[in-house]
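What follows is the residue order along each chain.
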Amino acid sequence: MRAYKTNTARKLRYTALIAGAVTLAACSNMSFKDPASWIGLSDAEASSPAETAAPQPAPAPAPAAVPASTSTASVAEASFPTSTVVHPEIWPSNPPPPKNAAIEAEVSRLLAQMTLEEKIGQMLQPDIRNVTPDDVTRYHLGSVLNGGSAGPYGNLRAPAPDWLRAADEYYDASMRTRLRIPVMWGIDAVHGHGHIIGATIFPHNIGLGAMRDPDLVRRLGEIAAQEIRVTGQDWTFAPTIAVIRDDRWGRSYEGFGEEPRLVSANAVAMVEGLQGKPGSADYLKNGHVLASIKHFIGDGATDDGVNAGNMTYSEPAVRDLFGAPYLAAIKAGAKNVMVSYSGWRGLKMHGQKGLVSDVLVGRLGFDGFVISDYHGIADVPGCTRSNCPQAVNAGIDMIMTADDWKALYGNLINQASSGQIPMARIDEAVRRILRVKFESGLMTAGRPSQRAYAGHYELLGSAEHRAVARQAVRESAVLLKNDGGLLPLSPRSHVLVAGDGAQNMSKQTGGWTITWQGTETTRADFPHGTTVYEGIKANVEAAGGTADYSLDGAFRERPDVAIVVFGEDAYAEGKGDISTLEYQPGTKRDLKLLQRLQSQGIPVVAVFLSGRPLYVTPEINASNAFVAAFWPGTEGEGVADLLFSHADGSVAYDFRGRLSFSWPRSPDQYANNVGTEPYFPLFPFGYGLTYGAPQNIGPLAVAVPARQAAAMQPAAAVLPAGTTDHGVLLDNGAPASGWNLYVGGERVVTRASSKATQAGLTASRSSSGVDVTWSTRVPVSFHISGAPADFSGEADRGLGLAMTLRVDRAPESNVVLAMGCGPLCGGKLDFTDTLRGLAGRGYTTLNVPLACLRGAGADLSSVPTGFALTATKGLDVSIQSVKISRDGEALSCAQVPPVTAAAAMTGPGHAASADPGAPKSKYAHGSKKKKKTGVTSSKKSAVHSDRKSSRKRHH
């Protein structure tokens, strides 16, 4: 297998990415000035080597953001897909910044005076729950941290002055050591100074990525740094710069997005905000703090989205997808890297010398120091929390630990003394730590309480800081739906606010807020913040309207409009991992609330609070307008700003947010990322509606989870395998007995001249079949469903799904052929190239082996949906018959690759491309026409009848 594509293939890939960018821009009402830049490619990079992903189960690389800068001819190309050996030479070579001679001399002087015990002390960072100031003195400790649910003096909710007092005590203890090397205090301030009562809490990174505003991200970093300095800490374990590729991961919200260039831009901005810009007088000093870019590397791309799991991408894919943000942040002056709990192809990162020492330090030019994650060394084979020479030898300079730190201290001394850890490696680690302490001015900064901003408690949650956070809330929210132009609402309305997120700061702020998981907080923990309901109430009452809150949506006086605020409960690492993207599987409490209000004829605005994109198509359909607010932080008024017009009806603030994650169209679309093919989300990366360009999206096709499919079908006996009366699904355009036609989820009563239209999909009977036309902006399905049938016997006998069809207009975007538990549930195959190859050829009978559908995930023992085509944009096809037989020209499984979340990860194009030797569809061709789409809007409801026709746009 070739590891690198030919120039021709690279050009085709670039062309396809440009076409995809045009499509996304059109879907999102965005200007399209520089397509290469928009998708994450510069002109120079457009022809750079792009790696062919490993057969199993490496996700496909997105546009190459970090092209290799050296020749890779010496590397065995065939080794990449399966190799566990790191090839540093294929990574970009970035020279470290010039060293400050005076600082290097001071570091060398100090290092020469240090005993082994003093050196090992500098390499440890115990949790304040397990270390006292006296311990800092006795063991020469270089750093301390407070864990996710730890506070000074055992008080998680300690007032700000106690944090500063504790910082002074630890610092004073370090000044009682022989060499007077100051201790550093690290804290998880990941979206503002989140551990401190009254601090300003920003939207999580998933929202910041949606802003597309690095300047504002930089300002947020500056504010966070100032508030951290108020309470005396030196260092924040932020930002997370993972490129998220599986949304099931419980830390997805900590990432800026799924695309390397977007993540890189925001990583640079946040690092510069927290630390200042290299070369400036206050870089790492005064009102700035040390940042920690994390978690090196690939933590957002583990198999099945499991926290601390295993990542199996090929090395060039790791470089191109996940290396880009690290290189960008290093160039922006990052001085600390935290290593990931996860592993690469079976080897944990904490023991991965090839990636940590040889790549991060040796190739990317990182000259700061590397820290482990909390007890991360214990995951390395052969290691425990107190014994892991492998981690230090791999390149870990400082070890984050807790109650086992004293045993770890003793073991490290013994291992260095015995030579198990070379003394040169110990000296290198300590040199890196000391260098940062000098560069940051810590060596001469004095007590934390004497430094810039210290003790200025009025800055915590100040009006100025909260105004910036409120702006971030406005810019990060994404408008997914606004049918009929319901938004913005008149503030003079009588508004019902419902849902358990409207008055819930925990759901609003998410994880890493006061507590580790962000749960068990109260309204009192946020004295300066506002809930979404409080923001709505203040807005409408100022204009003469009224707002009432009802958790369950009950009301006495009929409201003009209902705003339902709901979403995920807060979570953090581990506990946030999920197995399905379906929101509220089972109970559907919030869906029922939306439907109940909708059934009463009340216009419904949904505000969805979440740490990731989720399958909420039913909830979107039960709403007139739908806002993805993610976890916005403490400033709920920012959400209200967007929902209401000025009193005179003019727009107060338009939506600016654009999705930094592709939005799933089915519960199992875990890894549908821009840059991969087939790319078929419900809402694409970059999507976001605005008031300035209104449009309706209409009802969306609902994907039925497998466990619910049988219950939703009409009661009927399952036919035994091998019978023939269910083998015909469609004959001469008419459904066979027991089967029904569905257009966009609506059942069609078939007559000789019947016609049905739903969400831009039209199906009509003709003399020879069913003519189906797609002219849609979102995926819509045409499917044949009925009582569950058993096709397992037919599959065992080698039968297939035989279709006689004619393609009158080739598909303009991806097409999925499915069989199973629903139109987008079960076995899903990429049918795009096959249909393109049939264009203009007249009726043709093709046969897709049932084995291919079973291999793609279809449970053939219970098939309620026997045939489904799902497409978006343009496609015209006439379907004459569909049946289970051996008829027609049999396609291979390679010609119709699977489109499940797992299979979509196997190649940069279609799944078959994972194997260059696999046969390509002889029907495939590369033509693609673009079609301009128009949008319409309906009249406004009485909710905003007093609005002026002309609108002003504010940001």
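All residue numbers refer to positions counted from 1 along the written sequence of the respective chain. Reporting of local features is limited, given that this is a predicted model, to residues whose pLDDT is at least 70; pairs of side-chain atoms are given and counted only at 80 or more, and all residues count toward the totals for whole chains, interfaces and linings. Side-chain figures throughout are based on the complete set of non-hydrogen atoms in the structure, without hydrogens or water.

Chemist: Explain the packing of helix α8 (residues 214-230) against helix α15 (residues 463-476) to me, using residue names and the numbers behind them.
Modeler: Between α8 and α15, the shortest axis-to-axis distance is 10 Å and the interhelical angle comes to 145 degrees. Where α8 crosses over α15, the handedness of that crossing is left-handed. On the side of α8, the interface is formed by Leu216, Arg219, Leu220, Ile223, Gln226 and Glu227, while α15 contributes Glu464, His465, Val468, Ala469, Gln471, Ala472 and Glu475. A per-class count over the contact of α8 with α15 returns 6 nonpolar, 3 polar and 4 charged. Axis angles are defined between N-to-C directions and span 0 to 180 degrees, where every axis is a line fitted to C-alpha atoms and, for a helix, only to the segment in contact. Numbering of helices and strands starts at the N terminus; helices are DSSP runs of H or I of at least 4 residues and strands are runs of E of at least 2. Note on convention: the crossing is left-handed when the near helix lies turned anticlockwise from the far helix by less than a right angle, right-handed when the turn is clockwise. The contact criterion used throughout is that any non-hydrogen atoms of two residues lie within 4.5 Å. Only Asp, Glu, Lys and Arg are considered charged in this grouping, and only Ala, Val, Leu, Ile, Met, Phe, Trp, Tyr, Cys and Pro are considered nonpolar; every other residue, Gly among them, is considered polar.

Chemist: Before we move on, could you go through the pattern of salt bridges and cite the residues and values that matter?
Modeler: Just to be clear on terms, a salt bridge is a Lys or Arg side-chain nitrogen sitting within 4 Å of an Asp or Glu carboxyl oxygen. This model, assessed by the stated rule, comprises 52 salt bridges. Put simply, glutamate 222 and arginine 219 hold a salt bridge, and the shortest N to O gap is 3.3 Å. Taken together, the residues span about one helical turn, with glutamate 222 and arginine 219 both in helix α8 at a distance of 3 residues. When accessible area is computed with a 1.4 Å probe and restricted to protein chains, residues below 20% of their type maximum are described as buried, those above 50% as exposed, and intermediate ones as partly exposed. By relative accessible area, glutamate 222 is classed as partly exposed at 26%.

Chemist: Can you explain the pairing of strand β3 (residues 184-187)? Please cite residues and give values.
Modeler: Every regular strand shows the same layout, with side chains that alternate between the two sheet faces. In β3, alternate side chains face the same way, and those of Met184 and Gly186 on one face and Trp185 and Ile187 on the other are all buried. For two strands to be treated as a pair, DSSP must find at least two bridges joining them. The pairing of strand β2 (residues 143-145) with β3 spans 3 bridges and is classified as parallel. The residue bridging leucine 145 from the neighbouring strand is glycine 186, located in β3.

Chemist: With reference to specific residues and values, describe the side chain of histidine 140.
Modeler: Assignment of secondary structure puts histidine 140 in the loop between α5 (133-139) and β2. With residues near it in sequence (within four places) discarded, histidine 140 still touches Glu117, Glu118, Gly121, Gln122, Asp135, Thr177 and Tyr409.

Chemist: Explain the state of the cysteines residue by residue, including any values.
Modeler: Working definition: a disulfide is two cysteine sulfur atoms within 2.5 Å of each other. This structure, assessed with the given rule, holds 3 disulfides. One disulfide bridge connects cysteine 821 with cysteine 825, the sulfur atoms lying 2.0 Å from each other. With the S-S bond torsion at -85 degrees, the cross-link from cysteine 821 to cysteine 825 turns out left-handed. What connects to what in the protein chain, once the bonded cysteines are numbered by sequence position, is 1-2, 3-4, 5-6.

Chemist: Let's hear about the nonpolar core: which residues, and what values?
Modeler: Here, the term nonpolar core denotes a set of buried Ala, Val, Leu, Ile, Met, Phe, Trp, Tyr and Cys residues that are joined through side-chain atoms within 4.5 Å. Phe683, Phe782, Phe831 and Phe867 are the most contacted members of the largest nonpolar core, which has 127 residues in total. Per-element tally for this core: the top contributor is strand β29 (residues 863-885), with 9 residues. The contact partners of phenylalanine 782, leaving out residues within four places of it in the chain, are Leu741, Tyr742, Val743, Leu761, Ala763, Val770, Val772, Trp774, Phe867, Ala868, Leu869 and Ile879. Ranked by size, the runner-up nonpolar core spans 123 residues in total, among them Val107, Ile293, Cys383 and Ala391.

Chemist: Describe the packing of aromatic side chains, with residues and values.
Modeler: To pair, rings of Phe, Tyr and Trp, with the six-membered ring standing in for Trp, must have centres within 6.5 Å; the planes then decide the type, stacked if under 30 degrees apart, edge-to-face if over 60, and tilted in the middle. Tallying each qualifying case throughout the model produces 21 aromatic pairs. One aromatic cluster is present, formed by Phe566, Tyr583, Phe608, Phe626 and Trp663 through successive ring pairs. Each ring is checked for a lysine NZ or an arginine CZ that lies within 6 Å of its centre and within 35 degrees of its normal; such an atom marks a charge sitting over the ring. Stacked on the ring of tyrosine 670, the Lys or Arg arginine 248 has its end atom at 3.6 Å from the ring centre. Over the aromatic face of tyrosine 171 sits the side chain of arginine 451, whose NZ or CZ is 5.4 Å from the ring centroid.

Chemist: Could you give an account of the packing of helix α3 (residues 101-113) against helix α14 (residues 423-439), naming the residues involved and the relevant values?
Modeler: The N-to-C vectors of α3 and α14 enclose an angle of 130 degrees; their axes lie 9 Å apart at closest approach. Judged by the angle between their axes, α3 and α14 are oblique. The handedness of the crossing between α3 and α14 comes out as right-handed. Contact with α3, carried on its side by Ile103, Glu104, Glu106, Val107, Ser108, Leu110 and Leu111, involves Asp427, Val430, Arg431, Leu434, Arg435, Phe438 and Glu439 of α14 and no other residues of that element. When its residues are assigned to classes, the contact of α3 with α14 shows 7 nonpolar, 1 polar and 6 charged. Here the angle decides the label: under 35 degrees means roughly parallel, over 145 means roughly antiparallel, 65 to 115 means roughly perpendicular, and every other value means oblique.

Chemist: So what's going on with α8? Residues and values would help.
Modeler: Expected span of a helix: the number of residues minus one, times 1.5 Å. Over its 17 residues, α8 extends 25 Å from the first C-alpha to the last, a length consistent with the 24 Å expected when each residue adds 1.5 Å. Of all 17 residues that make up α8, 13 are buried, and the element is covered over most of its length. Among the residues trailing α8, glycine 232 stands out with phi positive, at a value near 95 degrees.

Chemist: Go over the pairing of strand β22 (residues 755-758), please, and point to the residues and values.
Modeler: Taking every second residue as pointing to the same face, the buried face of β22 carries Ala756 and Gln758, while none of Lys755 and Thr757 on the other face is buried. As judged from the 4 bridges shared by β22 and strand β23 (residues 761-765), these two strands associate in the antiparallel manner. Directly across from lysine 755, in β23, lies its bridge partner serine 764.

Chemist: Residue-level account of the confidence of the model for the protein chain, with values.
Modeler: Within a predicted model, pLDDT stands for the predictor's per-residue confidence, ranging from 0 to 100. Across the protein chain, pLDDT averages 85, with 82% of residues at or above 70. Taken as a whole, residues 1-78 scores under 50 in pLDDT and shows 183 contacts with residues more than four places along the chain or in a different chain. Taken together, the stretch residues 944-955 has pLDDT below 50 and engages in 41 contacts with residues farther than four places along the chain or on a different chain.

Chemist: Quick rundown of the sheet that holds strand β10 (residues 369-371)? Include the residues and the values.
Modeler: The strands that make up a sheet are held in pairs by hydrogen bonds between backbone atoms, and each pair lies either parallel or antiparallel. Pairing is parallel in the open sheet, where 3 strands are placed in the order β5-β7-β10. Each edge of the sheet is formed by a strand with only one pairing partner; in this case those strands are β5 (293-296) and β10. Neighbour-to-neighbour, the strand axes of the sheet open up by a mean angle of 30 degrees, direction not taken into account.

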